[in-house]
Amino acid sequence: MDYLKLCNIYHALESTTKGLEKTEILAEFLGDIRNDPKLIYLLQGNIFADYDHRELGISHQLVIKTIGKVGGIPEADVVDAFKELGDLGKVAESLLGNKKKQTALFSNKLSIEKVMTNLQRLPSLEGKGTVEIKIGLIVELLHSATPMEAKYIVRTVLSDLKIGVGSGILRDAIVMHCFKPKDIQDKKMYAVSVQEAYDKSTDFAEVFTKACSNELEKIKLKPGKPVKVMLFPKAKNIEDAFRIVGKPAAFEYKYDGFRVMINKEENGQIKIFTRRLEEITTQFPDIVEYIESHVKGKSFILDAEAVGFDAKTKKYTDFQAISQRIRRKHDINEIMEKLPIELAVFDIIYHDGNNLIEMPFGKRRKLIEKIVREEEFKIVLAKQIITDDTKVVENFYGNALGENQEGLMGKNLSAPYKPGARVGYAVKLKPEDKDLDLVITGAEWGTGKRAGWLTSFNVACREDGELLQVGKVSTGLKEKPEEGLSFGKMTKILKKLAVEEHGRKIVVKPEIIVAVQYQNVQKSPSYSSGYALRFPRIVRMREDRDVGDIATIGEIKEEVGDKK
Ligand code: AMP
């Protein structure tokens, strides 16, 4: 198929902000790619399935170079155009368009398959001499591209398509195309099945194919392929927890670490994924060892929290202390000794060929008790009590906080596991500290003694696929790196994610999640959510989260007593 056809779709999607219109455009286009369902990734602005985290490894700098090369334009001119237009896609469209008019450059027609093939080669090119090959692959595409195609190629390689298609809209388009629902009720029902299938497979190509052949139930869990984790709402207090999860209920320590899904494949290979579906097996040889030596079973998927502790005092540390282990790719043994972790296993969803998501939680817990051999400071089961007595829970809550953990989880003993969903099968109980996970969408350069750092950060919550601003934060970060998360570190991270520049302000890809503490929430016309956090302060970075995990507008509204 001609790539131009897809670009026309991109253009149509970009031209409307209405969810329903986008869904209709997508639903119709899905008919054109039924025979090659993997092309659906391009509609997400990706090249691979969501569970596949291979990176294209293309920086803005490299794209600037490439545009210069294709158009025979000095790089400085490309940079100037970038400053003016704030989007390298538009820069490619404009500069290469002008050039092409003059020289009648190109013109083989570009096919979608060719774009996919060239882009899919990029992640495997690593190391010396590969930069030129990477540039070559993009140059080849840009040479045969029309100006509009050039715009979308550039945006795709920078993973920033700007067409406003989130996974909710794509899911609804699959429903519309494959099931042709008669009414809203019908639509909702199919949306639930498509969403459930997606949460198990995290691959829209597979979901699309199976939905069209009415075989969604054939999508199975498979150890080795990450699934979305189950999420938990907050309970206001112990009574509220009982109200949501029933009586008696299980209460467990809520450990302050980071979530890991541990997969053992049929062939014995162990793979560890974060809740963002990133594979972190290499970074955690200690977890692999504990699983091999302490857990029985040919294949399984365990849900657990990796918790840090001080090697000397054996006291538990907070998440921030061990967060660096997630990204560390070198000197792993050294950091493993410095920042040891204990694994607290709290759930299981697959064991020896059996999918256990429908099994009641109480039974799943019994199974992990049977297959995990506990050893303190290596692998344990989440500390648990089963009770219907508020007093007993209060006591247990105190113990958890006393041991430096975050609070408790209250769990419904007869509930199934729901990948990807924030249902009330379990709830979290934390002391009221009013913090929300939010995403940084932009920042502003500081002045005076803070010049050279980004010092003010726009933060947003979410509603369906959209991000809504809830304020600006400029406190919480430190000037000196030894004191904690610093302006310098945040500047370095955000600079790499900048997609637009407007004077002192930049817009960044929404990838960095921060926990923001605040005093209260008030209505405010200044931000797109209609609300503003008062006295916000960044307390930590949440490397283990992505934009799907941030607070929803419903949670913000609740704070001011507005209806969700
Ligand atoms: P929050 O991060 O505040 O949304 O709280 C939910 C998180 O608590 C989960 O995603 C887990 O990473 C973590 N957690 C810690 N201990 C447990 C436990 N016993 N059961 C379930 N989740 C837990």
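All of these numbers come straight from a predicted model, not from anything done at the bench.

Draft legend 1. View of the nonpolar core. Core analysis: the biggest nonpolar cluster contains 77 residues, and Tyr3, Tyr10, Ile40, Leu43, Ile67, Leu88 and Ile174 have the highest contact counts within it. For this core, the leading source of residues is helix 10 (residues 167-179), giving seven residues. Apart from residues lying up to four places away in sequence, Leu43 is in contact with Leu6, Ile9, Tyr10, Leu26, Phe29, Leu30, Ile33, Leu161, Ile163 and Val165.

Draft legend 2. Spotlight on the site of the ligand. Surveying the vicinity of the ligand reveals 15 residues, the closest of which are Arg259, Glu305, Lys411, Lys428 and Arg545. Lys428 places a polar side-chain atom, nitrogen or oxygen, 2.5 Å from an oxygen atom of the ligand. Contact distances for the ligand include 3.3 Å between an oxygen atom and a side-chain N or O atom of Lys430. In isolation the ligand exposes 490 Å². Once the protein is present, 95% of that is buried. Mapped onto the shell around the ligand, the elements with two or more residues apiece are strand 1 (249-254) and strand 9 (407-411). When residues of the shell around the ligand are assigned to their parent elements, the largest contribution, three residues, is made by strand 1.

Draft legend 3. Up close: the pairing of strand 2 (residues 258-264). The buried fraction of strand 2 is high, at seven of seven residues. As paired strands, strand 2 and strand 4 (residues 300-308) are joined by seven bridges and run antiparallel to one another. When the bridges of strand 4 are listed, Arg259 appears paired with Glu305. In terms of strand pairing, strand 2 meets strand 3 (residues 270-273) through four bridges, oriented antiparallel. Bridging from a neighbouring strand, Ile262 pairs with Ile272 of strand 3. Here strand 2 folds back onto strand 3, and the loop between the two strands holds five residues, one of which, Gly268, carries a positive phi near 95°.

Draft legend 4. View of the sheet that holds strand 9. Spatial strand order, 8-1-9-10: four strands in an open sheet with antiparallel pairing. The two strands at the open ends of the sheet, each matched to only one other strand, are strand 8 (384-387) and strand 10 (426-429). Pairs of neighbouring strands in the sheet enclose a mean axial angle of 25°, with direction left out of account. The pairing of strand 1 with strand 8 spans four bridges and is antiparallel. Bridge pairing in strand 8 places Phe251 opposite Ile385.

Draft legend 5. Representation of helix 8 (residues 130-143). With 14 residues, helix 8 should cover 20 Å at 1.5 Å per step; its first-to-last C-alpha distance of 20 Å lies within 8% of that length. Turning to helix 8, its buried residues number three or more, namely Thr130, Lys134, Ile135, Leu137, Ile138, Val139, Leu141 and Leu142.

Draft legend 6. How the structure looks around the domain arrangement of the protein. Domain boundaries in the protein define domain 1 (46-157), domain 2 (238-429) and domain 3 (434-559). The gap between the C-alpha centroids of domain 1 and domain 3 is 30 Å. The partner domain 3 presents four residues to the five residues of domain 1 that form the contact. Across the domain 1/domain 3 interface, buried area totals approximately 370 Å², and carbon plus sulfur atoms make up 46% of it. Contact with domain 3 buries area across many residues of domain 1, yet His60, Lys83 and Gly86 alone supply 79% of it, more than any other trio. Taken together, the links from domain 1 to domain 3 amount to zero salt bridges. Between domain 1 and domain 3 we count one residue pair in polar contact (both at pLDDT 80 or more) in total. When grouped by side-chain class, the residues that make up the side of domain 1 that touches domain 3 number one nonpolar, two polar and two charged.

Draft legend 7. Layout of helix 1 (residues 3-14). Look at helix 1: 16 Å from first C-alpha to last across twelve residues, which is about the 16 Å you get at 1.5 Å a residue. Along helix 1, the positions that sit buried rather than exposed are Tyr3, Leu6, Cys7, Ile9, Tyr10 and Leu13. Within helix 1, the buried residues cover an arc of 155° as seen down the axis, which keeps them to one side. For helix 1, the secondary structure elements touched by its buried residues are helix 2 (19-30), helix 3 (40-43), helix 7 (112-121) and helix 9 (147-157).

Draft legend 8. Looking closely at the pattern of salt bridges. For the coordinates displayed, the defined rule picks out 38 salt bridges. For Glu403, the salt bridge is made with Lys383, and the minimal N-O distance between the two is 3.4 Å. Remark: Lys383 occurs in the loop between strand 7 (379-381) and strand 8 and Glu403 occurs in the loop between helix 19 (390-402) and strand 9; sequence separation between them is 20 residues. What makes Glu403 partly exposed here is its relative accessible area of 30%. With relative accessibility at 38%, the residue Lys383 sits in the partly exposed group. Across the pair Lys449 and Glu479 runs a salt bridge whose closest N-O atoms are separated by 3.4 Å. Taken as a pair, Lys449 in the loop between strand 11 (435-445) and strand 12 (454-463) and Glu479 in the loop between strand 13 (466-473) and helix 20 (487-497) lie far apart in primary sequence, 30 residues in all. For Glu479, a relative accessible area of 30% corresponds to the partly exposed category.

Definitions and cut-offs
Residues numbered from 1 in each chain as written. Predicted model: local features only at pLDDT ≥ 70, side-chain atom pairs only at ≥ 80, totals over all residues. Heavy atoms only, no water. Core = buried A, V, L, I, M, F, W, Y, C linked by side-chain atoms within 4.5 Å. Buried < 20%, exposed > 50% of the residue type's maximum accessible area, 1.4 Å probe, protein only. Helix = DSSP H or I, 4+ residues; strand = E, 2+ residues; numbered from the N terminus. Contact = heavy atoms within 4.5 Å. Near = heavy atom within 4 Å. Polar contact = N/O pair within 3.5 Å; in protein donor to acceptor, adjacent residues only side chain to side chain. Areas by Shrake-Rupley, 256 points an atom, 1.4 Å probe, with all protein chains shown as cover. Pairing = 2+ DSSP bridges. Axes fitted to C-alpha atoms, helices over the stretch in contact; angles between N-to-C directions. Expected span 1.5 Å × (residues − 1). Domains from an automatic or database assignment. Buried area = accessible area lost by both parts, 1.4 Å probe. Salt bridge = Lys/Arg side-chain N within 4 Å of Asp/Glu carboxyl O. Nonpolar A, V, L, I, M, F, W, Y, C, P; charged D, E, K, R; others polar. Arc of directions from axis to C-beta.

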